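Report on the structure
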Amino acid sequence: MSENATPARRRLFDQAWLLMMLPPLFWSSNAVLGRAVSGEVPPVGLAFWRWTLGMLLVLPFAWRHLRHDARALAAQWPVVLLLSALGIAVFNTFLYVGLHTTTALNAVMMQSSMPVLIVLMSLALFGDRVTPLQGVGIAVSLAGALTLIARGDPAVLIGLQLAAGDLWVLAAVLGYAAYTALLRRRPTVHGLSFIAVTFAGGAAMLLPFYLWESVGGNPMPITPTALGAVAYVALFPSIAAYLCFNRAVALVGANTAGMCIHLMPVFGSILAILFLGEQPHLYHAAGIGLIAAGILLATRRAKT
């Protein structure tokens, strides 16, 4: 956060609860949108233009910070490139590819496992230990996510069948878990500088694959649906979500911030009730309550 920010903005950007709630809201809508347009919008094209437009939109606001942060970014270019690959190029592209051939239920379930994978990545890469209370919080939160995914019926989980796209989604989840764990190695630069550079790096990595997809007979259509999808995912699941999530990791650590992923089934259920006409059930309240309790446990521990 810039030292020149007003006190009100600084306080807002220090609210871990708010910062942890917004990314899963935007990311759950991203998954719903990606599935909805999968028959019209090619996956690599959607990812490429998402990051390209996101970079162009944030660049005017990031430019003065980039000039100040250029030396720090250049000094740690291997880390910046790795984070660009894992969090930008890999995650959403693999997710969009997977959503063409897997169900939304399977995709959401695998994304809900991300907090556990982040803990394991942090343990493997940095030797981070999980406190007993944090472990209980993760378990309770995961139980809430599974309650929502299974709609209160364990038989749904027992009978779950994997599709070909599940491997793409699993690879996407693993990539973002590694990105989250490695965020502690990011250069100490302004948040806008960081996302501008990583967005640009991710888009550059996707460019040859986008050209290959287009030449191969699946070009990006110029339609209201495609343009609207690109605009939405560039603004909210990209710029807004990444700014909030990266800041949350800086405030409370990767393991605790990663637990916000468990909120995706919560917001997915709410969006379905509001926009798809689905009826609320008791398992919605049970799942949301468990997730809230789990995050509260881990967050309280992170502050002590």
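Throughout what follows, the structure given in this document is the object of discussion. (Residues numbered from 1 in each chain as written. Predicted model: local features only at pLDDT ≥ 70, side-chain atom pairs only at ≥ 80, totals over all residues. Heavy atoms only, no water.)

1. Re the pattern of salt bridges
Summed over all chains, the structure comprises one salt bridge. Between Arg184 and Asp128 there is a salt bridge, and its shortest N-O distance comes to 2.4 Å. Note that Arg184 is positioned in the loop between helix H9 (165–182) and helix H10 (191–215) and Asp128 in the loop between helix H6 (114–126) and helix H7 (132–149), a separation of 56 residues in sequence. (Salt bridge = Lys/Arg side-chain N within 4 Å of Asp/Glu carboxyl O. Helix = DSSP H or I, 4+ residues; strand = E, 2+ residues; numbered from the N terminus.)

2. Examining H7
Residues spaced three or four apart along an α-helix point in a common direction, a consequence of the helix completing one turn every 3.6 residues. Between its first and last C-alpha atoms H7 spans 26 Å; for 18 residues at 1.5 Å apiece the expected length is 26 Å, and the two agree. All of the buried residues along H7 are Gln134, Gly137, Ile138, Ser141, Gly144, Ala145, Leu148 and Ile149. For H7, the buried positions fall inside an angular range of 140° around the axis, keeping them on one side. Taken from the residues just after H7, Arg151 is the one with a positive phi, measuring 55°. (Expected span 1.5 Å × (residues − 1). Buried < 20%, exposed > 50% of the residue type's maximum accessible area, 1.4 Å probe, protein only. Arc of directions from axis to C-beta.)

3. Description of the packing of aromatic side chains
The final tally for this structure, using the stated rule, is 17 aromatic pairs. With centroids separated by 5.5 Å and ring planes inclined at 45°, the aromatic side chains of Phe26 and Phe236 adopt a geometry described as tilted. Linking Phe26 in helix H2 (residues 16–36) with Phe236 in helix H11 (residues 224–252), this pair joins segments that are 210 residues apart in sequence. Taking the relative accessible area as the measure of exposure, Phe236 reaches 34% and is therefore partly exposed. Ring centres 5.3 Å apart and planes at 65° place the aromatic pair Trp27 and Phe245 in the edge-to-face group. With Trp27 in helix H2 and Phe245 in helix H11, the pair connects residues that are 218 residues apart, well separated along the chain. As far as the burial class goes, Trp27 and Phe245 line up, both buried. (Phe/Tyr/Trp six-rings, centres within 6.5 Å; stacked < 30°, edge-to-face > 60°.)

4. Structural notes on the side chain of Thr198
Within the secondary structure layout, Thr198 lies in helix H10. On the basis of relative accessible area, Thr198 is assigned to the buried category, the value being 2%. Once residues within four sequence positions are removed from consideration, Thr198 is found in contact with Val80, Ser84 and Ile88. (Contact = heavy atoms within 4.5 Å.)

This is a description of form; function is not addressed.
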